[in-house]
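The residues making up each chain are set out below.
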Amino acid sequence: MNGRPNTPLLLRRNGRPQACDPCRKRKLACDHSQPVCSRCKKRKQDAECVYLVLGSRISTPRSPLPTPASSTPLAFPRRGSLQNPQHSSALTPDVPVSGHNRPGYLGPTSYCNIYEDTENSLSLLRGSTSVATQSDSFAHHAHIEGTQTNMSVRVCDMALTVLRSVPDPTQGSALRFKPGCDGWIRFIADRVSRSLYEAFGDYFSPGNRSTAKLEELARTICTNTSRPFSDEETDPEKWFDQFSGKNIRWESIGVLCVFWEFVPGSNTEFWKGKRSAEFDRGFRISREVMHLCLELSKEFSSGNSMMLCLSQRCTVTDSMSVGDADLVVWRVHAETIALLTFLGFHAVEERDRHETSLATEIKKRFFYHMFTMDMVVVSFTGRPPLISSRYSSTPLPLDISSEELFSDRDTFMEAVSRLDEKGWNTDGELYPSTIIRARGIIAIIREEIFKIALDHRQNSSPNAFSIETLLQLRSRELAAVAEFPPRLHFDPRDIENYDIPSNDLAARSIIQLEHLQNMFFIERLLLRFGHQDKGDLLKVSYDLSLIPEANSIAVMAYAVPAGGILCLELLKPTLHLRPHSDSGITRSNIIQKLSLLVAFLDWISPSAPNGDLCSDAKSVIQRVLDQTLNAASSIYEPPAVFQWDSSTQLDFSFDLLDTFDWNRPDFPSSQQSNQ
């Protein structure tokens, strides 16, 4: 409605001021001035500057609130919004409100589309006579002030299991950390950990964990978790206060489990493929507690960014426990993607980087972390992606440090102003956001590769995709990586340069591996579609087959598929007919690389994630090496072309290595004629 000088300020259900209709539709910042905001004044559209009261609340309620049907507005959910009915302190201060039953993000084709248009029309007709009321859903979910949430026996058992596992203040304050694209979460965990022990440290002191006290704390945390969580909060202090200190939630404790050591003195040998019994025990506790926290969060909350973070970490720990191809991993990964889109993090729209905020950047980081993770899972399993950039509008996160992200507005915007035109930082630093951006760019191209590799039309229509399309993808991939800042470029000689921080080297390594994997996929598809191979696939496979960091997950994801191509070169040699343009790629060096890969696979414990798969791959590569090295052939004759019949074809007995059937000896006849 057009405001009068004494018209009370309208508030959205999340407590923030309601923008006028023109600003709301254009997604522009509104200063909420009445009767006409300054932006509409500038545009000379005073008549169009209306404040819709429907679905909003008055900041200064009149008593009693009018409730006749004739003046009660429709209360349909907004498109693109999360209907989390937060209360205003002017209405019911400090009343915990359940976050359940909100419909989440609703896009332009949702059921509320027609109703919102109807609302807008009704509001314009009613003018200033309509007065907002509390929605029925808000009244339904408001608890009595001062009460705590009741817990069922099942919830109580889960909560006590979690709280009994929380480390004491001394041990829990020391967080372990593995560098990666989610490294910015460490910044959050540090603060939440300190606030937890400051507020409730006495509950976790040795000898002070009585069941009664822990039940009391559990009820408090359940009540906190039932309170609304705003992912639109732009003030860092208020954002943190929602889930830390006295307001600690189950989501927060679950995220801390990622960084806690549950067994004193445990080590990180797990990441290297070797696990001690002590670490196994600590890891099992961590995994169990994280899943319990996720289940407790679902009991009392309908979703938020911290729950998304916890769900994603549960996917990773499950992967580390049972292997990436297991149904357990696929299920929790799918649930995480579902929560991501439910929250609307895939639909962030930003026309100007200078309008960004803490809330926007958090959403962008989570989206591209999950988008990249989905592409990695598809690479490993060959299953269809669970999220598509075609239906997503979220731009890449800006390349600013975690400290600047959670700083005051002036510092935050000053960091934004220092970025180059593409959004990279000009400080020469490698931040977690730098890694997320780089991997996100590679993942976007990989998704386009999968559109070709996984499309069933390949078999039914040979001309469904052209070689030109793949060549364009190859050019885009090379150009995208070439445009990365120098600090992201990988040089094998850097491994011996001890002046380079290990975290930076690890980041460059993973980005290089994902780039090479994109090239591997493209070259393999080009070969399948009949494009003449000039040794590009062999070159990529050679570079990809030996990785700087050897662990079961990295070896299976990157090195082993490339090793399959090297095996094919030994079985159907071409180098004796056409030496490779790279003088380092020789039959001898290929054998040495495969021998080293076998050693890595043999070193990985069968109990490690994907350990049985590593064993299967090792046996196949060993057979190829035995066939190659034991064959009787004169040193004056070309290497023999071995007959590898269909009953003993190159098959590692795992979907990863048969993904898209790329590692079977199925070279086109045109290439076989050249051998």
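Use the structure listed above.
Residues numbered from 1 in each chain as written. Predicted model: local features only at pLDDT ≥ 70, side-chain atom pairs only at ≥ 80, totals over all residues. Heavy atoms only, no water.

(A) Just helix α20 (residues 502-528), in detail. In this model, α20 (27 residues) spans 39 Å end to end at C-alpha, consistent with the 39 Å of a helix rising 1.5 Å per residue. With respect to burial, α20 is a largely interior element, 20 of its 27 residues being buried. Count one or two residues on from α20 and you reach Gly-530, which has phi positive near 95°. (Helix = DSSP H or I, 4+ residues; strand = E, 2+ residues; numbered from the N terminus. Expected span 1.5 Å × (residues − 1). Buried < 20%, exposed > 50% of the residue type's maximum accessible area, 1.4 Å probe, protein only.)

(B) Inspection of helix α16 (residues 409-417) at higher detail. Residues Phe-412, Met-413, Ala-415 and Val-416 constitute the buried set of α16. Angularly, the buried residues of α16 cover 155° about the axis, an arc narrow enough to put them on a single face. Residues of α16 that are buried make contact with α14 (358-381) and α15 (402-405). Near the N-terminus of α16, the side chain that reaches the backbone nitrogen of Asp-410, with its oxygen 3.1 Å away, is that of Asp-408. (Arc of directions from axis to C-beta. Contact = heavy atoms within 4.5 Å. Polar contact = N/O pair within 3.5 Å; in protein donor to acceptor, adjacent residues only side chain to side chain.)

(C) Up close: the environment of Phe-380. Looking at where Phe-380 falls in the secondary structure, it is placed in helix α14. Along the sequence, Phe-380 and Ile-553 sit 173 residues apart, while their C-alpha atoms lie 9.9 Å from each other.

(D) The environment of Lys-451, seen in detail. Here Lys-451 lies in helix α17 (residues 432-453). When the C-alpha atoms of Lys-451 and Pro-385 are compared, they prove to be 9.4 Å apart, with 66 residues separating the residues in sequence.

(E) Region of interest: the packing of aromatic side chains. Applying the stated rule across the entire model yields 18 aromatic pairs. Relative to Phe-406, the ring of Phe-240 lies with its centre 5.2 Å away and its plane at 45°, an arrangement referred to as tilted. Placement of the pair is Phe-240 in helix α9 (residues 236-241) and Phe-406 in the loop between α15 and α16, with a sequence separation of 166 residues. Each member of the pair, Phe-240 together with Phe-406, is buried. Relative to Phe-521, the ring of Phe-450 lies with its centre 5.8 Å away and its plane at 45°, an arrangement referred to as tilted. Residue Phe-450 is located in helix α17, and its partner Phe-521 is located in helix α20; the two are separated by 71 residues in the primary sequence. A relative accessible area of 2% means that Phe-450 is categorised as buried. The positively charged end of Arg-383 is found above the aromatic ring belonging to Trp-330, 5.0 Å away from the centroid. (Phe/Tyr/Trp six-rings, centres within 6.5 Å; stacked < 30°, edge-to-face > 60°. Lys NZ or Arg CZ within 6 Å of the ring centre and 35° of its normal.)

(F) View of the nonpolar core. Of all hydrophobic cores here, the largest spans 138 residues; its most connected members are Ile-188, Trp-239, Trp-250, Ile-253 and Trp-260. Ranked by residues supplied to this core, first place goes to helix α22 (residues 552-571) with 14 residues. Filtering out sequence-adjacent residues up to four positions away, Ile-188 remains in contact with Trp-239, Phe-240, Phe-243, Met-306 and Phe-406. One finds Trp-424, Ile-435, Phe-484 and Ala-507 within the second-largest nonpolar core, a separate group that totals ten residues. (Core = buried A, V, L, I, M, F, W, Y, C linked by side-chain atoms within 4.5 Å.)

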